[in-house]
Amino acid sequence: MVTMLMNAFDFGESNEPLTFYDGDEIHRYAKGYVAKSYELGLVRGYPDNTFRPHNNITLAEAAAIIFRLLRN
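Residues numbered from 1 in each chain as written. Predicted model: local features only at pLDDT ≥ 70, side-chain atom pairs only at ≥ 80, totals over all residues. Heavy atoms only, no water.

## Description of the overall build of the protein chain
Definition in use: Comment: elements are numbered from the N terminus, with helices defined as DSSP H or I runs of at least four residues and strands as E runs of at least two. In this description the radius of gyration comes from C-alpha coordinates, and the expected globular size is given by 2.2 Å times residues to the power 0.38. Buried residues are those whose accessible area, probed at 1.4 Å on protein chains only, stays under 20% of the maximum for their type, while exposed residues exceed 50% and partly exposed ones sit between those limits. Contacts between residues were defined by any pair of non-hydrogen atoms, one from each residue, lying within 4.5 Å. In this count, Lys and Arg are taken as positive residues and Asp and Glu as negative ones, while His and the chain termini are left out. To locate a charge, take atom NZ for lysine, CZ for arginine, CG for aspartate or CD for glutamate.
Counting secondary structure elements, the protein chain contains three helices and zero strands. What you see in the protein chain, going N to C, is helices and strands ordered as α-α-α. Rg of the C-alpha trace for the protein chain: 11 Å, near the compact-globule value of 11 Å for 72 residues, within the 12% margin. Referenced to the eigenvectors of the C-alpha coordinate spread, the extents of the protein chain come out at roughly 30 × 25 × 15 Å. In the protein chain, which comprises 72 residues, the share counted as buried stands at 31%. Long-range contacts, defined as pairs at least 24 residues apart, comprise 62% of the intrachain contacts of the protein chain with a sequence gap of at least 6. Averaged over its 7 positive side-chain charges, the protein chain has a centre that lies 5 Å from the centre of its 9 negative ones.

So this is what it looks like as structure tokens:
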């Protein structure tokens, strides 16, 4: 979802390294988009400093990301 939003709104990617504990599990093609969305404050990860890229995104999580996106 993050990759789609970053492309749809033409935010591009970031080269900043990810600091999530499970950052190595994020697909290579998506890392730059996840990093950019984190820089923009659209995603925050979980309190245990994980991103959980293999979990399905919940409706509440998607709504929060879209809300933050529209506020930027």
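## A closer look at a nonpolar patch on the surface
Stated formally: Patch rule: a residue counts if its relative accessible area is over 30% and it has no salt bridge; like charges are joined within 9 Å, and nonpolar side chains (Val, Leu, Ile, Met, Phe, Trp, Tyr) within 5 Å. Each accessible area value is a Shrake-Rupley result obtained with a 1.4 Å probe; residue values ignore everything except the protein chains displayed when judging cover. We define a salt bridge as a contact between a side-chain nitrogen of Lys or Arg and a carboxyl oxygen of Asp or Glu at a distance within 4 Å.
On the surface, a cluster of nonpolar side chains totalling about 590 Å² of accessible area is made up of Met-1, Met-4, Phe-9, Ile-57, Ile-66 and Leu-70. Mapping Ile-57 onto the fold places it in the loop between helix 2 (28-39) and helix 3 (59-71). You can call Ile-57 partly exposed: its relative accessible area is 43%.

## Concerning the nonpolar core
Under the convention used in this document: To form a nonpolar core, buried Ala, Val, Leu, Ile, Met, Phe, Trp, Tyr and Cys residues must be joined to one another through side-chain atoms within 4.5 Å.
In terms of nonpolar packing, the biggest core is built from 13 residues, with Val-2, Val-34 and Phe-51 touching the most fellow members. Mapped onto this core, the elements with two or more residues apiece are helix 1 (2-8), helix 2 and helix 3. Once residues within four sequence positions are removed from consideration, Val-34 is found in contact with Val-2, Leu-18, Phe-20, Ile-26, Val-43 and Phe-51.

## A look at the pattern of salt bridges
Using the criterion set out here, one finds one salt bridge in the structure. We note a salt bridge from Asp-48 to Arg-52, for which the minimum N-O separation is 3.2 Å. By relative accessible area, which is 38% here, Asp-48 ends up partly exposed. When its relative accessible area of 33% is taken as the criterion, Arg-52 is described as partly exposed.

## Quick notes on the side chain of Thr-50
Along the chain, Thr-50 turns up in the loop between helix 2 and helix 3. Ignoring any residue separated from it by four or fewer positions in sequence, one finds Thr-50 in contact with Phe-20, Tyr-21, Asp-22 and Gly-45.

## Some words on unusual backbone geometry
Within the chain, Asn-49 stands out as a residue other than glycine whose phi angle is a positive 60°. Its location among the elements puts Asn-49 in the loop between helix 2 and helix 3. Under the relative-accessibility criterion, Asn-49 is labelled partly exposed at 27%. One non-glycine residue, Arg-52, lies in positive phi territory at about 55°. With respect to the helices and strands, the residue Arg-52 is situated in the loop between helix 2 and helix 3.

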